[in-house]
Amino acid sequence: MPSSSNSSERFEEDQLASSVVAIDGPSGAGKSTVARQLAGKLGFAYLDTGAMYRAVTWHLLENQFTELDDHVALEGLLAELKLDLRPEGRVYVNGQDVTNHLRSREVESRVSAVSAVALIRERMRAMQRDLASSGPVVAEGRDMSSVVFPRARWKFYLDAEPEERARRRHEDFKTRGRKVSESEVLSEIAVRDRLDSTRQDAPLSRAHSAQYIDTTGLDIAAVVDLLWQRVIADGGGTSPELST
Ligand code: DC
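Residues numbered from 1 in each chain as written. Predicted model: local features only at pLDDT ≥ 70, side-chain atom pairs only at ≥ 80, totals over all residues. Heavy atoms only, no water.

### Side note on the site of the ligand
Neighbouring the ligand are 17 residues, the closest being Arg-54, Arg-121, Arg-142, Asp-143 and Arg-199. Here an oxygen atom of the ligand and a side-chain polar atom of Arg-54 are 2.7 Å apart. A distance of 2.8 Å separates an oxygen atom of the ligand from a polar side-chain atom of Arg-121. Here the ligand, which alone exposes 450 Å², has 99% of that area covered by the protein. Where the shell around the ligand is concerned, the elements lending two or more residues are α3 (49-62), α5 (105-115), β6 (137-141) and α9 (182-198). Looking at the shell around the ligand element by element, the count peaks at 4 residues for α3. By residue class, the composition of the shell around the ligand is 3 nonpolar, 5 polar and 9 charged. (Near = heavy atom within 4 Å. Polar contact = N/O pair within 3.5 Å; in protein donor to acceptor, adjacent residues only side chain to side chain. Areas by Shrake-Rupley, 256 points an atom, 1.4 Å probe, with all protein chains shown as cover. Helix = DSSP H or I, 4+ residues; strand = E, 2+ residues; numbered from the N terminus. Nonpolar A, V, L, I, M, F, W, Y, C, P; charged D, E, K, R; others polar.)

Spelled out as structure tokens, the structure:
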């Protein structure tokens, strides 16, 4: 087993050799759609880390596991968890396609508590770094710039007014057939924002080095274009060796 300092040194070296666009921000800021489209435009892979936390949450719910403090049992469940994020966006847990369950009410209401568990974050962090080490990636979540990829070459923090975030998520839920009012979505967002930004381990926060983008009033295409311009302006799409 390598020591943690060796593995973090190795990770920093790996990171120097790869291209990471890190995108963070609260729920409903448009991160997922923007990150997916930006990745497509740049020819980078897309890493949806929220989907990873949702998939773990689904796995725990499926196993009726609620004792998040029971680390021994949790270790056991995590040990048997095989997450597979397919390039087309589908997510598999131990061979089962769980994509359509990731935005269910049950997962929505549990994912903040699950993602606050240090053991789970540690496991996800390792997986995220491993996935990014194989090539250029647009990685999206809450702690990409601050914790997982602190040396990412491009860092963005996407935000929007809570009412606009609620409106976007409400539209999203409507297309998925979930019946919920916009005011309920606004309260859910407020709860999630509070939990995500007050947890001890890797809370949602705006890294100093991240470029802040307020997406209120902007459509997806405009945000994608803005980020794409900034990445390209700083040598994106070429390998780090060629662009220095
Ligand atoms: O981005 P999303 O709504 O799919 O994220 C689902 C949950 O996972 C959200 O409550 C915050 C958590 N999350 C996290 O803690 N760290 C990440 N890197 C990504 C998501």
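### As for the sheet that holds strand β5 (residues 96-97)
On the basis of which strands lie adjacent, the open sheet formed by 3 strands has the order β3-β4-β5 and antiparallel pairing. Pairing within the sheet leaves two strands with one partner each, and these edge strands are β3 (83-85) and β5. With 2 bridges joining them, strand β4 (residues 91-93) and β5 adopt antiparallel strand pairing. Residue pairing in the sheet places Tyr-92 in a bridge with Asp-97 of β5. This element, α3, spans β3, β4 and β5 of the sheet and lies at about 35° to β4. (Pairing = 2+ DSSP bridges. Contact = heavy atoms within 4.5 Å. Axes fitted to C-alpha atoms, helices over the stretch in contact; angles between N-to-C directions.)

### As for the pairing of β6
Within β6, 5 of the 5 residues are buried, leaving the element largely enclosed by the surrounding structure. Side chains Val-137, Ala-139 and Gly-141 project from β6 onto one buried face, and the interleaved Val-138 and Glu-140 project onto a second face that is buried too. Sheet topology places strand β1 (residues 20-24) next to β6; 5 bridges connect them, and they run parallel. Bridged to Ile-23 within β6 is Glu-140. (Buried < 20%, exposed > 50% of the residue type's maximum accessible area, 1.4 Å probe, protein only.)

### A look at the sheet that holds strand β2 (residues 45-48)
Spatially, the 5 strands line up as an open sheet ordered β2-β6-β1-β7-β8, and their pairing is parallel. Only two strands of the sheet have a single neighbouring strand rather than two, namely β2 and β8 (211-214). Between one strand axis and the next, the sheet turns through 20° on average, direction left out of account. In this sheet, strand β7 (residues 154-159) lies alongside β1 in parallel orientation, the contact comprising 4 bridges.

### Quick notes on the environment of Pro-136
Note on placement: Pro-136 falls in the loop between α6 (118-132) and β6. Residue classification places Pro-136 among the partly exposed positions, given a relative accessible area of 37%. Along the chain, Pro-136 and Ala-39 lie 97 residues apart, while their C-alpha atoms are 9.1 Å from each other.

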